[in-house]
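Spelled out from the first residue to the last, the chains are:
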Amino acid sequence: QVQLVESGGGSVQAGGSLRLSCATSGSIFNGGFMGWYRQAPGKARELVSRISTSDYAYYADSVKGRFTISRDNPKNTVYLQMNSLKPEDTAVYYCNARDVLGRIYNYWGQGTQVTVSS
């Protein structure tokens, strides 16, 4: 059974920082994209950032310049460094792993709450 183990959520004041971590197996970690989505109350889940095995990173416009995604290959772990957090960043953040075309596998973590107070 594939597991995506997340950690690092919490509560912070606006302008603060948090780092999310997501660890998984090597075959999944090196098979395609690792990414982070978020879902705020009453809103659809949205892609925040994604990174390929060649370290190509995508960011949603709302987080560009504030969030950084990175991979630690020996640890099979992906990180999301979140700086200059805003109240609108408040959401449950989900780690995601999928193959390149998204047709073979698409796995989700359990979610971790990020709360930013003004």
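Figured I'd write up the structure that's included with this text.

The rules behind the values
- Residues take numbers from 1 onward in each chain, read along the sequence in its written order.
- Predicted model: local features are reported for residues with pLDDT of at least 70 only, side-chain atom pairs are reported and counted for 80 or more only, and whole-chain, interface and lining totals are derived from all residues.
- Side-chain numbers here rest on the full set of heavy atoms in the structure, without hydrogens or water.
- By convention in these notes, a salt bridge is any Lys or Arg side-chain nitrogen within 4 Å of a carboxyl oxygen on Asp or Glu.
- Between buried and exposed lies partly exposed: a residue is buried under 20% and exposed over 50% of the maximum accessible area for its type, with that area taken using a 1.4 Å probe on protein chains only.
- Only runs of H or I of at least four residues qualify as helices and only runs of E of at least two qualify as strands under DSSP, and these elements are numbered from the N terminus.
- Here, any two strands with at least 2 DSSP bridges between them count as paired.
- Axes here mean lines fitted to C-alpha atoms, for a helix over just the part in contact, with angles spanning 0 to 180 degrees between N-to-C directions.
- Among buried residues, the Ala, Val, Leu, Ile, Met, Phe, Trp, Tyr and Cys ones that are joined through side-chain atoms within 4.5 Å form a nonpolar core.
- We call two residues in contact when some of their heavy atoms are within 4.5 Å.
- Only the six-membered ring of Trp is used, alongside the rings of Phe and Tyr, when aromatic pairs are assigned; centres must lie within 6.5 Å, and planes under 30 degrees apart are stacked while those over 60 apart are edge-to-face, with the rest tilted.
- We count a charge as sitting over a ring when the NZ of a lysine or the CZ of an arginine lies within 6 Å of the ring centre and within 35 degrees of the ring normal.

As a further point, take the pattern of salt bridges. Taken as a whole and judged by the stated rule, the model has four salt bridges. Put simply, Glu46 and Arg38 hold a salt bridge, and the shortest N to O gap is 2.7 Å. What you see here is one network of salt bridges that share partners, running through Arg38, Glu46, Arg66 and Asp89.

This brings us to the pairing of strand E9 (residues 91-99). Across the nine residues of E9, eight count as buried, placing the element largely inside the fold. Relative to strand E11 (residues 112-117), E9 runs antiparallel, the two sharing three bridges. The residue of E11 that forms the bridge with Val92 is Gln113. With antiparallel pairing between neighbouring strands as the criterion, E9 and strand E10 (residues 106-108) make up a hairpin whose turn holds six residues, including Gly102 at a positive phi of roughly 70°.

Here four strands make up an open sheet; going across it, the order is E1-E3-E8-E7 and the pairing antiparallel. Here the strands that pair on one side only, and so sit at the sheet edges, are strand E1 (5-7) and strand E7 (67-72). Shown here is a sheet whose adjacent strand axes are inclined to one another by a mean of 15°, direction ignored.

It is worth spelling out the nonpolar core at this point. Met34, Trp36, Phe67, Val78, Leu80, Met82 and Tyr93 are the most contacted members of the largest nonpolar core, which has 27 residues in total. Of all elements in the fold, only strand E3 (18-23), helix H1 (26-29), strand E4 (32-39), strand E5 (46-51), E7, strand E8 (77-82), E9 and E11 reach the threshold of two or more residues within this core. With four residues, the single largest contributor to this core is E9. Other than its neighbours up to four places away in sequence, Tyr93 contacts Glu6, Leu20, Trp36, Tyr37, Arg38, Val48, Phe67, Leu80, Met82, Gly111, Thr112 and Val114.

Before going further, it helps to examine the packing of aromatic side chains. Summed over the entire model, instances satisfying the criterion amount to two aromatic pairs. Look at Tyr37 and Trp108: their rings are 4.9 Å apart centre to centre, the planes differ by 70°, and that puts the pair in the edge-to-face class. Linking Tyr37 in strand E4 with Trp108 in strand E10, this pair joins segments that are 71 residues apart in sequence. Relative to Tyr107, the ring of Tyr105 lies with its centre 5.3 Å away and its plane at 15°, an arrangement referred to as stacked. Judged by relative accessible area, which is 12%, Tyr105 ranks as buried. Lying over the aromatic face of Tyr94, Arg45 brings its terminal NZ or CZ to 3.8 Å of the ring centre. The positively charged end of Arg50 is found above the aromatic ring belonging to Phe33, 5.0 Å away from the centroid.

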